[in-house]
Amino acid sequence: MPDLLSLDATELAARIAAGAVTAEAATQAALDRAKATEARVGAYLLLDEAGALAAAREIDAARRAGKSPGPLAGVPVAIKDNIHVAGKPTTCASRMLQGFVAGYDATVTARLKAAGAVILGKTNLDEFAMGSSCENSALKQTRNPWDVSRVPGGSSGGSAAAVAARSAYLSLGSDTGGSIRLPASFTGLVGYKPGYGRVSRYGLVAFASSLDQIGPFARSVRDVALSLKVMAGRDAMDSTSHPAPVPDYPALLGNDLKGKRVGVVREYLDKLPNREVAGMCESAIARMKALGAEIVEITLPHADYGVQVYYVVASAEASSNLARFDGVRYGLRVPADNGIATYVATRGGGFGPEVKRRIMLGTFALSAGAYDEFYGRAARVRTLICRDFEQAFARCDLIATPCAPFPAFKAGEISDPLSMYLCDIYTIPASLAGLCALSLPVGFDSAGLPIGMHLSAPAYHDERLLSAAHALEQNLRADAALNLNRAPAV
Ligand code: GLN
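Enquirer: Quick question: what am I supposed to make of the overall build of the chain here?
Expert: In terms of helices and strands, the chain carries 16 helices and eleven strands. On C-alpha atoms alone, the chain measures out to a radius of gyration of 21 Å, which is about the 23 Å that the 2.2 N^0.38 rule sets for 490 residues. Taken along its principal axes, the extent of the C-alpha atoms in the chain is 65 × 55 × 45 Å. Pairs at least 24 residues apart make up 76% of the contacts formed inside the chain by residues separated by at least 6 positions. Of the roughly 17,500 Å² of accessible surface on the chain, 55% is carried by carbon and sulfur atoms.

Take a look at the structure:
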């Protein structure tokens with residue numbers, strides 16, 4: 001593996017801007033790496049070799065002509081295949097979108113391109129982002145670069161696997177209940193879910209609109225800060241995007257945690273069956289204390305209902321959002337005798353089993369007889385979870401918990417839907433409350449699998465969260481015994 005591939009995006013962009021490396025060489029290195037690893041990893045649904053190289057050459061030409069390069073000039077980036085890239089298929093890893101080609105760039109895609117990023121291709125996901133292992137893709141199986149018998153996590157498994165395998169420097173995922181943070185923890189990356197409204201969702205295929213956020217996978221917190229600065233901010237095309245000004249995130253990263261109060265839910269750590277995960281999180285929390293933080297015990301009494309609430313709310317919203325796939329407007333059409341029969345044949349043939357389960361669950365939860373008992377009650381409990389966080393954040397600045405109950409599991413190991421849903425037990429509450437949250441790699445278990453810790457802060461305090469995560473990351477990376485700078489052998 002050439003040295004170029006071990007750089008993070010920030011360092012690569014600096015070298016390209018200085019003329020030490022060309023965008024073309026960086027892009028070629030990522031493409032070559034993809035060719036060497038894809039047979040085992042399967043991160044990409046589309047690798048746009050010609051398009052990426054052409055974009056890279058344009059960036060090099062602009063630089064040579066004296067134009068000042070954008071903050072991500074020449075950095076090869078992969079995009080989850082539920083986010084539009086103009087002129088390329090958006091499949092959502094579903095048969096339902098067969099033949100569909102995006103007519104426009106998502107706002108995040110446009111902002112990345114404007115910053116000089118080179119789009120390498122589109123990555124695999126659980127169908128319509130529903131899943132925790134990437135195994136619900138109808139198109140491809142993606143594996144974890146740290147151990148190819150294991151899953152990369154989901155739903156943004158392809159985006160995680162690409163950056164972990166070093167076939168992209170940065171990637172985008174979407175996170176509704178944990179789909180960026182869970183795969184980041186399974187693949188040893190920093191995975192960031194911005195606070196609700198921080199990043200425009202225009203051009204993201206909607207799953208559950210009160211929860212969906214787009215965010216990056218990166219090798220370092222500073223790369224998250226850099227890409228967030230490029231992507232965040234009000235967008236007239238998404239009325240839920242927030243007008244709060246976008247701080248200069250990379251400039252605000254800290255080196256210590258002095259004066260910061262870190263909330264810890266004692267029960268989560270004490271009761272976690274996987275003691276290696278609990279131990280890694282405990283020692284990361286001890287490091288935060290050594291960096292000057294005050295550790296505060298907090299409780300989130302209603303967060304225990306998060307998974308139940310999420311599967312009612314998210315499925316209800318999904319059943320409504322996915323009604324648009326009717327065999328008329330997008331992608332697949334299975335013709336039958338009349339309109340209704342065509343609709344039934346198309347949806348019956350196009351959606352996979354997990355998506356159908358969510359649509360049925362959500363439709364039921366919104367139906368006249370069940371609405372109040374299911375959707376109404378879930379919405380009320382969601383409010384209680386939000387209040388738990390409000391009360392907790394009155395006493396602390398950040399909350400640290402495990403990100404996942406265990407490291408990456410074997411492909412095929414979890415087959416019942418409920419066990420799969422429980423993978424997101426620690427990530428879902430932050431989604432329900434709209435917090436900004438991330439997974440930070442804190443070590444490897446005895447089998448050599450990466451483990452992530454979950455850190456969260458109130459929405460629009462991204463700089464607080466990133467600054468603290470950066471301080472902890474520097475401390476962790478400086479410890480040779482943890483060996484956090486290693487790359488997978490895939
Ligand atoms: N695993 C969760 C689900 O299946 C979360 C998915 C996501 O965040 N997109 O819904």
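Now that the structure has been shown, the text picks up again.
Enquirer: What should I look at first to understand a nonpolar patch on the surface in this one?
Expert: Together, Ile 340, Tyr 343 and Val 344 line one region of the surface with nonpolar side chains, adding up to about 300 Å² of accessible area. Residue placement: Tyr 343 occurs in helix H11 (residues 339-350).

Enquirer: Just to check I follow, could you spell out the sheet that holds strand E10 (residues 436-444) for this structure?
Expert: Hydrogen bonds along the backbone pair up the strands of a sheet, which may run parallel or antiparallel. Overall, mixed pairing links the eleven strands, which are arranged E1-E3-E2-E4-E6-E5-E10-E11-E9-E7-E8 in an open sheet. Both outer strands of the open sheet, strand E1 (44-47) and strand E8 (294-297), are each paired with one neighbouring strand and no more. Averaged over all pairs of adjacent strands, the angle between strand axes in this sheet comes to 30°, irrespective of strand direction. By the bridge criterion, three bridges tie strand E2 (residues 76-80) to strand E4 (residues 170-175) in an arrangement that is parallel. When the sheet's bridge partners are listed, Val 77 is paired in E4 with Leu 170.

Cut-off values and rules
- Residues numbered from 1 in each chain as written.
- Predicted model: local features only at pLDDT ≥ 70, side-chain atom pairs only at ≥ 80, totals over all residues.
- Heavy atoms only, no water.
- Helix = DSSP H or I, 4+ residues; strand = E, 2+ residues; numbered from the N terminus.
- Rg over C-alpha atoms; globule rule 2.2 N^0.38 Å.
- Contact = heavy atoms within 4.5 Å.
- Areas by Shrake-Rupley, 256 points an atom, 1.4 Å probe, with all protein chains shown as cover.
- Patch = residues over 30% accessible without salt bridge, like charges linked within 9 Å, V, L, I, M, F, W, Y side chains within 5 Å.
- Salt bridge = Lys/Arg side-chain N within 4 Å of Asp/Glu carboxyl O.
- Pairing = 2+ DSSP bridges.
- Axes fitted to C-alpha atoms, helices over the stretch in contact; angles between N-to-C directions.

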